[in-house]
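# Descriptive analysis of the structure
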There are 2 protein chains.
Amino acid sequence: MGTINYSLSGMRDFNFLEVRKRNYIINNLTKLFELYGFSPLETPSMEKRSVLFGKYGDEGDKLIYQVLKSGNFLSKINDINTQDYKELSNFISDKALRYDLTIPFARYVVQNSQDITFPFKRYQIQKVWRADRPQKGRYREFTQCDVDVIGSSSLWSECDLISIYSDFFNIIGLKNISLNINNRKILEGIFDSLDIKTDFTSFCISIDKIDKAGKEYFYDFLDQKKCSKVQSKLIAKLFELKLSNSDKLQYIKSNFINEKVNSGVEELLFILDKTKSCKIDISIDFSLARGIDYYTGSIFEVISKDKSIGSLGGGGRYDGLTKMFGKDLGSGVGISFGLERIYMLLDEFNLFPKSINKSTDVFFVNLGEKEACISQKFVNILREKGISSELFPDCVKLKKQMSYSNKKNSKYTAMIGEDELNTGKINLRNMTTGDQELLTIDELIKKIKNE
Amino acid sequence: MGTINYSLSGMRDFNFLEVRKRNYIINNLTKLFELYGFSPLETPSMEKRSVLFGKYGDEGDKLIYQVLKSGNFLSKINDINTQDYKELSNFISDKALRYDLTIPFARYVVQNSQDITFPFKRYQIQKVWRADRPQKGRYREFTQCDVDVIGSSSLWSECDLISIYSDFFNIIGLKNISLNINNRKILEGIFDSLDIKTDFTSFCISIDKIDKAGKEYFYDFLDQKKCSKVQSKLIAKLFELKLSNSDKLQYIKSNFINEKVNSGVEELLFILDKTKSCKIDISIDFSLARGIDYYTGSIFEVISKDKSIGSLGGGGRYDGLTKMFGKDLGSGVGISFGLERIYMLLDEFNLFPKSINKSTDVFFVNLGEKEACISQKFVNILREKGISSELFPDCVKLKKQMSYSNKKNSKYTAMIGEDELNTGKINLRNMTTGDQELLTIDELIKKIKNE
């Protein structure tokens, strides 16, 4: 068969080590979310076409995976222009794969608003699919980890979410993490204070592009949109401030005075005051915009100061998210964690627990049916004690079995041969040190339990 | 908006309690699989069209969800008959959603055979999708839990899998479970001994139908296919034996004598002998066929004797599974667990742990900013100790907050009011008993840790 390629571009198999590493991150997140009083939610992989389309802009719509109707999907098509793929897809596909977790969350909340007690605190860790061009760290199937509070405008929720970021990066041992924070009200206030020929969304989008396109890009944009040199310089200075958080706030209060700026500054002050005990470095960044239209208050972004691989997470406060499904269930705030990038950093800095690639605790070689029977009895006893153990199923050459145990990364290899049959002991080999010893099953259990 | 239906038929949202219950089952399975030396594998939700189609029979192919090509899926279609939906779908769809975990497993093993150490022991717990007619207990998106050994023909693997079934149902407390076992070789031997005008596959399929269509259906089938009355009666008796396993084996050895029957009986004997210590009731059932073509040796099915809701799991030994991808990587054996049905039984018999619907350990009401600040400090301390805790974000009416805590199923509600501000104590209410007491934070931690 040679080299038939069975794999889809941008989709991945995960072997045991990759599954364990991903679960290490996911389990730490889950534990933390529960500790903070959030509850899990899972929604189906598919949603009705009408639920997803039109929610992510034209560019987003193009990246949604559409699922064909079952059976004869052409049966009810008559006067359709089947030469126009956009029109056609509307008729032959009635559902699509989840593009993110936010829209399904909004749909769920509206559908179940009668049974939900608000504020609703949910976390959701599930796969999403995007027909995007695959590249390093960007996949067509990937896992999103979202945590949101909806139905309250209290800033205490922001504080909790920041504290979750702080705890998480502390627990997994990633150092030099910075949580950048801003407030959309401040950006709106700045925008209002400008004499500029553009809308707020375009303004935010071009701020967002600074990271990739450079500052000059943004100043050119201001210039094009007829912003005065004086105002441009004021913003330039604001975006490049290398000051403490309180000095930054002082600067903006003296240079951009209006109600929106004040209100955003007040919110920042509250949040900074209440998160003083957090172990994460929180830094005000007035140039943080996060282009997504729906943010209305706080915005966050987490980055690694050691490695520029883009954001490790982000989020913010939004209003009226659920309106698109016909009910306004109030203000919300949420953050997400970039599992794929966090994984890359943990791998690079060797921060996954050492034990993660260990498999079976005690691997028994198989030296014949009589020996195997005794070995299997020991295997059963060990399993009852919660010690993982297995017997090699075939009585083949010892060398092959030892090599298997080695490749599988067993902690110990145990052998029951003729001597051991007579003495009732187990010949145990530590696969890391190579040390060998003869032990009774009780001694073996004790040894492993004390490790 | 009234009653817009946003839900797809056969697809489900899982609220926090449902997620926890599902995870309770999944976590118990995972722990057990690891204890037995199996390692996790995850494959992508989508596979290339060519990987899936043609593997599940014509009926299966119809149930596969096909995903539209991204972008202009019509662009390269010229001479295609776009009136034939089957032909068309081949051109406008190049990938499809996973229909089961077996085919992706086979594909993975062939693709990675260079890096895998055989026998390869993997478990896989992932969603699959089928465009089937939804009904009670049958969904279009559901979770499969598979565990397989491939690359060994040793019967010790069968013993391990039976032992996993036994341990699992014992751990989750489901009683009156029967593991029915048979061997395809025995069925082949019986078939060979018959003078009958049909093929082995049709023979097995009609045996399978006994459960739903009744015994008469099967005897009519034998009759139609020109099986003699004498032989029919012999089989009838074999299928209805109410004997011990050893008497059943005795009966078959005396009445159906050929090499295949003998070989199947030998295998059964080995397996029964080595699984004597299992806590599950193992019962030979010569009428167990499990229609799936690829089984070649042992076959299993797990049922509840209390409730006839179909099988809770099943599996068997197969040969040459990976040949369809161009490489024969040897014999394998695997079983699966029916998560949805196990869930239904645990729910019905009230066997989920009582604590599963508890959420936050200590819920703090919010009586104003000063009180909230102190409360939040206590919340932080509790979280550091691993005790889940939260502060209600808004200072609204106490009654509303108490009702929220109650609906959320918090264990305790804590209150910091004016008195508590002065004394530094916490007013703690047990939400089950209604008992109230005043405690310092240290006393509170001690109380919860000792529970």
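Residues numbered from 1 in each chain as written. Chains lettered and ligands numbered in written order. Predicted model: local features only at pLDDT ≥ 70, side-chain atom pairs only at ≥ 80, totals over all residues. Heavy atoms only, no water.

## A closer look at the nonpolar core
Core analysis: the largest hydrophobic core is formed by 122 residues, its most contacted members being F169, F203 and F337 of chain A. A per-element tally of this core places helix 6 (residues 156-171) of chain A first, with eight residues. When sequence neighbours within four positions are dropped, the list of residues in contact with F337 of chain A reads L29, F33, C145, V147, I164, Y165, F168, F169, L312, G313 and I342 of chain A. With 99 residues, the next largest nonpolar core counts Y36, W156, F191 and I280 of chain B among its residues. (Core = buried A, V, L, I, M, F, W, Y, C linked by side-chain atoms within 4.5 Å. Buried < 20%, exposed > 50% of the residue type's maximum accessible area, 1.4 Å probe, protein only. Helix = DSSP H or I, 4+ residues; strand = E, 2+ residues; numbered from the N terminus. Contact = heavy atoms within 4.5 Å.)

## What about the domain arrangement of chain A?
According to the domain assignment, chain A consists of domain 1 (16-42 + 102-348) and domain 2 (358-449). Put simply, the middle of domain 1 of chain A and the middle of domain 2 of chain A, counted by C-alpha atoms, are 52 Å apart. (Domains from an automatic or database assignment.)

## Observations concerning helix 7 (residues 184-193) of chain A
All names here are of chain A. All buried positions along helix 7 are accounted for by R184, I186, L187, G189, I190 and F191. Contacts from the buried residues of helix 7 go to strand 7 (177-183), helix 8 (200-208), helix 11 (229-239), helix 12 (245-255), helix 13 (259-274) and strand 9 (295-304). Between the side-chain oxygen of the N-cap and the backbone nitrogen of K185 there are 2.9 Å, and the N-cap of helix 7 in question is N183. (Polar contact = N/O pair within 3.5 Å; in protein donor to acceptor, adjacent residues only side chain to side chain.)

## Looking at the interface of chain A and chain B
Residue-level contacts link 91 residues of chain A with 91 residues of chain B. Here chain A packs against chain B, burying approximately 8000 Å² in sum over the two surfaces, 59% of which is carbon and sulfur. A salt bridge links D13 of chain B to R107 of chain A; the nearest nitrogen and oxygen atoms lie 2.7 Å apart. Our enumeration of links across chain A and chain B arrives at 32 residue pairs in polar contact (both at pLDDT 80 or more). With six residues, helix 15 (residues 369-384) of chain A is the single largest residue contributor to the side of chain A that touches chain B. (Buried area = accessible area lost by both parts, 1.4 Å probe. Salt bridge = Lys/Arg side-chain N within 4 Å of Asp/Glu carboxyl O.)

## Remarks on the packing of helix 12 (residues 245-255) of chain B against helix 13 (residues 259-274) of chain B
Residue and element names in this part refer to chain B. Where helix 12 meets helix 13, the axes come as close as 11 Å, and the angle between the chain directions of the two elements is 170°. In terms of orientation, helix 12 lies roughly antiparallel with respect to helix 13. Every pair of crossing elements has a handedness; the one defined by helix 12 and helix 13 is left-handed. In contact with N245, L249, I252 and K253 of helix 12, helix 13 contributes V261, V265, L268, L269 and L272. (Axes fitted to C-alpha atoms, helices over the stretch in contact; angles between N-to-C directions. Parallel < 35°, antiparallel > 145°, perpendicular 65-115°, else oblique. Left-handed = near helix turned anticlockwise from the far one by under 90°.)

## A closer look at the relation of the copies chain A and chain B
Between chain A and chain B, which share one sequence, the superposing operator has a rotation angle of 180° and an axial displacement of 0.0 Å; the RMSD is 0.1 Å. The symmetry that links the two subunits is that of a two-fold axis. Of every C-alpha in chain A, the one belonging to V67 of chain A sits nearest the axis of rotation, 2.2 Å from it. With an isologous cut-off of 70% or more, the 100% of interface residues of chain A that recur at the interface of chain B puts this contact in the isologous class. (Least-squares fit on C-alpha atoms with pLDDT ≥ 70 in both.)

## A look at the side chain of D61 of chain B
Relative to the assigned elements, D61 of chain B resides in helix 3 (residues 57-62). Excluding residues that lie within four positions of it along the chain, D61 of chain B makes contacts with L52, F53, G54, K55 and Y56 of chain B.

## Some words on the environment of M324 of chain A
Residue and element names in this part refer to chain A. Here M324 is to be found in the loop between strand 10 (313-318) and strand 11 (332-337). Residue classification places M324 among the partly exposed positions, given a relative accessible area of 37%. When the C-alpha atoms of M324 and R49 are compared, they prove to be 14 Å apart, with 275 residues separating the residues in sequence. The residues contacting M324, other than those within four sequence positions of it, are K55 and I103.

## Section: the confidence of the model for chain A
Looking at chain A, the pLDDT average stands at 93 and 98% of residues meet or exceed 70. Both scores are given for the predicted complex: the pTM is 0.95, the ipTM 0.95. (pLDDT = per-residue confidence, 0-100.)

## Details of the sheet that holds strand 8 (residues 281-284) of chain A
Residue and element names in this part refer to chain A. The mixed open sheet is built from eight strands, whose spatial order is 1-5-6-11-10-9-7-8. Of all strands in the sheet, those bounded by a partner on one side alone are strand 1 (39-40) and strand 8. The pairing of strand 6 (residues 141-150) with strand 11 spans six bridges and is antiparallel. By the bridge assignment for strand 11, V149 is matched with V333. In the packing of helix 14 (residues 339-348) onto the sheet, contacts are made with strand 6, strand 9 and strand 11, and the angle to strand 6 comes to roughly 115°. (Pairing = 2+ DSSP bridges.)

## What about the packing of helix 7 of chain A against helix 8 of chain A?
Residue and element names in this part refer to chain A. Running from amino to carboxyl end, helix 7 crosses helix 8 at an angle of 110°, the nearest separation of the two axes being 11 Å. Overall, the two elements helix 7 and helix 8 adopt an arrangement that is roughly perpendicular. By crossing handedness, the relation of helix 7 to helix 8 is classed as right-handed. On the side of helix 7, the interface is formed by R184, L187, E188, I190 and F191, while helix 8 contributes F200, F203, C204 and I207. Looking at the contact of helix 7 with helix 8 residue by residue, the class counts come to seven nonpolar, no polar and two charged. (Nonpolar A, V, L, I, M, F, W, Y, C, P; charged D, E, K, R; others polar.)

## Here's the deal with the pairing of strand 7 of chain A
Residues and elements named next belong to chain A. In terms of burial, strand 7 is largely enclosed, as seven of its seven residues are buried. Of the two faces of strand 7, both are covered, the one formed by I177, L179, I181 and N183 as well as the one formed by S178, N180 and N182. Here seven bridges tie strand 7 to strand 9, and the two strands are oriented antiparallel to one another. Note on strand 9: the bridge partner recorded for N180 is E301. Here strand 7 runs beside strand 8; their pairing, made up of four bridges, is parallel. Counterpart to L179 in the pairing with strand 8 is I282.

## So, helix 12 of chain B
Residues and elements named next belong to chain B. Residues N245, K248, L249, Y251 and I252 constitute the buried set of helix 12. Each buried residue of helix 12 lies within a common arc of 160° when the element is viewed along its axis, so the set occupies one face. Lining the buried residues of helix 12 we find helix 7 (184-193), helix 11 (229-239), helix 13 and strand 8 (281-284). (Arc of directions from axis to C-beta.)

## Here we look at the pattern of salt bridges
Taken as a whole and judged by the stated rule, the model has 54 salt bridges over all chains. R20 of chain A serves as the salt-bridge partner of E34 of chain B, at 2.7 Å between the closest nitrogen and oxygen. Taken together, the residues E34 of chain B in helix 1 (residues 16-35) and R20 of chain A in helix 1 (residues 16-35) connect one chain to another. Note on R20 of chain A: relative accessible area 14%, which makes it buried. Here K447 of chain B makes a salt bridge to E437 of chain B, at a shortest N to O gap of 2.7 Å. Of the two residues, K447 of chain B sits in helix 18 (residues 441-449) while E437 of chain B sits in strand 16 (residues 436-439), which places them 10 residues apart along the sequence. In the salt-bridge network here, residues are joined through shared partners; they are D273, K274 and K276 of chain A together with E369 of chain B.

## Here's the deal with the environment of R98 of chain A
All names here are of chain A. By the element assignment, R98 lies in the loop between strand 4 (93-97) and helix 5 (102-111). Judged by relative accessible area, R98 falls into the buried class, the value being 2%. Between the C-alpha atom of R98 and that of Q66, which follows or precedes it by 32 residues, the distance is 9.7 Å. Excluding anything up to four places from it in sequence, R98 contacts T43, P44, S45, L52, P104, Q126, K127, V128 and W129.

## Some remarks on the environment of R12 of chain A
As for its position among the elements, R12 of chain A is in the segment before helix 1. Between the C-alpha atom of R12 of chain A and that of S93 of chain A, which follows or precedes it by 81 residues, the distance is 25 Å. In this structure, R12 of chain A is in contact with R22, Y139, E141, F142 and E340 of chain A together with E42, T43 and P44 of chain B, ignoring residues within four places of it in sequence. Here E141 of chain A takes part through its backbone oxygen, which lies 3.3 Å from a polar atom of the side chain of R12 of chain A. Looking at R12 of chain A, its side chain comes within polar contact range of the side chain of E340 of chain A, at 2.9 Å.

## Description of unusual backbone geometry
All names here are of chain A. Going from F118 to P119, the amide bond is cis rather than trans, its omega being -5°. Along the chain, P119 falls in the loop between helix 5 and strand 5 (120-129). Phi at N176 takes a positive value of approximately 55°, unusual for a residue other than glycine. Relative to the helices and strands, N176 resides in the loop between helix 6 and strand 7. Its relative accessible area of 43% is what places N176 among the partly exposed residues.

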